[in-house]
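Analysis of the macromolecular model
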Amino acid sequence: MNRASRVCGDDRGQTVLVAAAMLALALIPLGFAYLQLGYHEDVAASTSPETPGSETIRLLERAVYDAGGEATGHPWQGRAGAVQQVNASLAPRERDIEAAQVTGGTVVRTERNESTAGAWAAENCPNSAGRLFGDCEALGGMIVQERAGETHLLAVAYDIRVVDDRGETALTVVIRADG
């Protein structure tokens, strides 16, 4: 019996060795495939600069998201005060966003767009009786909505002007507070 268990153990070792060799052989083509995934013959295309204003929009999205909490908790009747509080939170961040990009050779100017905010509110806030939340209102380029008697920031409309080595770009965007 001792001899039989030894023979079985030898067969098992050979089986494990063959399986390991097969696995190693299977990994070789996988390694080549992995290396080719990163290959790109046009290096200039893979390192192309972002579109003008994309960095500004990304920074404004974060600022608006962070400032959105400033309005929550204010009663709907006090929405003008909630908007002032959001403005107090947003204004310094907007100035910082403009100033931060100057070091990279880009001049950015952001202004809130009241008419775009009003149009966005009219188009995106339902007026029917079956709506889920209350009224919307555009104040100073910000869109707020009544939810459970409280004021919630929905979005902020901006005119963005970007001047860099590629030229001048003007954008109008509405940045949602919910990201």
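Coordinates for the structure precede this section.
Residues numbered from 1 in each chain as written. Predicted model: local features only at pLDDT ≥ 70, side-chain atom pairs only at ≥ 80, totals over all residues. Heavy atoms only, no water.

**Quick word on the layout of surface pockets**
- Quantified by volume, the largest pocket comes out at close to 160 Å³.
- For the largest pocket, the lining is made up of 14 residues, of which Glu50, Thr51, Glu55, Thr106 and Arg166 are closest to its centre.
- Broken down by element, the lining of the largest pocket gets its largest block of residues, three residues, from helix H3 (residues 54-71).
- Grouping the constituent residues of the lining of the largest pocket by class yields four nonpolar, six polar and four charged. (1 Å grid on protein atoms, 1.4 Å probe; cavity = no way out; pocket = protein on both sides within 12 Å on 5 of 7 lines; lining within 4 Å. Points joined across faces, edges and corners; volume = space filled by probe spheres on them. Helix = DSSP H or I, 4+ residues; strand = E, 2+ residues; numbered from the N terminus. Nonpolar A, V, L, I, M, F, W, Y, C, P; charged D, E, K, R; others polar.)

**Quick word on the state of the cysteines**
- The full count for this structure, using the stated rule, is one disulfide.
- The disulfide bridge from Cys125 ends at Cys136, spanning 2.0 Å between sulfur atoms. The S-S bond linking Cys125 to Cys136 shows a torsion near -80 degrees; that makes this disulfide left-handed. Of the two residues, Cys125 sits in the loop between helix H5 (114-124) and strand S2 (136-139) while Cys136 sits in strand S2, which places them 11 residues apart along the sequence. (Disulfide = S-S within 2.5 Å.)

**What about the pattern of salt bridges?**
- A complete count under the given rule lists 10 salt bridges for this structure.
- Among the salt bridges present, the one from Asp66 reaches Arg93, with a minimum N-O distance of 2.8 Å. With Asp66 in helix H3 and Arg93 in helix H4 (residues 79-100), this residue pair connects regions lying 27 residues apart in the sequence.
- With relative accessibility at 32%, the residue Asp66 sits in the partly exposed group.
- A relative accessible area of 29% places Arg93 in the partly exposed class.
- Taking the shortest distance from any N to any O, the salt bridge between Glu111 and Arg109 comes out at 3.7 Å.
- Overall, the relative accessible area of 45% leaves Arg109 in the partly exposed class.
- Three or more residues are tied together by salt bridges with common partners; here these are Arg62, Asp66 and Arg93. (Salt bridge = Lys/Arg side-chain N within 4 Å of Asp/Glu carboxyl O. Buried < 20%, exposed > 50% of the residue type's maximum accessible area, 1.4 Å probe, protein only.)

**A closer look at the side chain of Asp164**
- Looking at where Asp164 falls in the secondary structure, it is placed in strand S4 (residues 150-164).
- Of note is the side chain of Asp164, whose polar atom sits 2.8 Å from the side chain of Arg166.
- Among all residues touching Asp164, those that are not within four sequence positions of it are Pro52, Gly105 and Thr106. (Polar contact = N/O pair within 3.5 Å; in protein donor to acceptor, adjacent residues only side chain to side chain. Contact = heavy atoms within 4.5 Å.)

**Description of unusual backbone geometry**
- For Ala148, which is not a glycine, the phi torsion comes out positive at approximately 55 degrees.
- With respect to the helices, strands and loops of the structure, Ala148 is situated in the loop between strand S3 (142-147) and S4.

**Thoughts on the packing of aromatic side chains**
- Evaluation of the coordinates by the stated rule reveals zero aromatic pairs.
- Taking NZ or CZ as reference, Arg147 lies 4.0 Å from the ring centre of Phe133, over its face. (Phe/Tyr/Trp six-rings, centres within 6.5 Å; stacked < 30°, edge-to-face > 60°. Lys NZ or Arg CZ within 6 Å of the ring centre and 35° of its normal.)

**With respect to H3**
- Between its first and last C-alpha, H3 extends 26 Å over 18 residues, near the 26 Å set by a 1.5 Å rise per residue.
- One or two residues past the end of H3 sits Gly73, with phi positive at roughly 100 degrees. (Expected span 1.5 Å × (residues − 1).)

**Points about the nonpolar core**
- Counting residues in hydrophobic clusters, the biggest one holds 22 residues, and the most contacted among them are Val64, Val86, Leu90, Leu153, Val156, Tyr158 and Ile160.
- The set of elements that each furnish at least two residues to this core consists of H3, H4, S3, S4 and strand S5 (167-176).
- Residues in contact with Val64, not counting those within four places in the same chain, are Leu90, Leu153, Val156, Tyr158, Ile175, Arg176 and Ala177.
- Counting eight residues, the second-largest nonpolar core is a separate cluster that includes Ala117, Ile143, Leu154 and Ala157. (Core = buried A, V, L, I, M, F, W, Y, C linked by side-chain atoms within 4.5 Å.)

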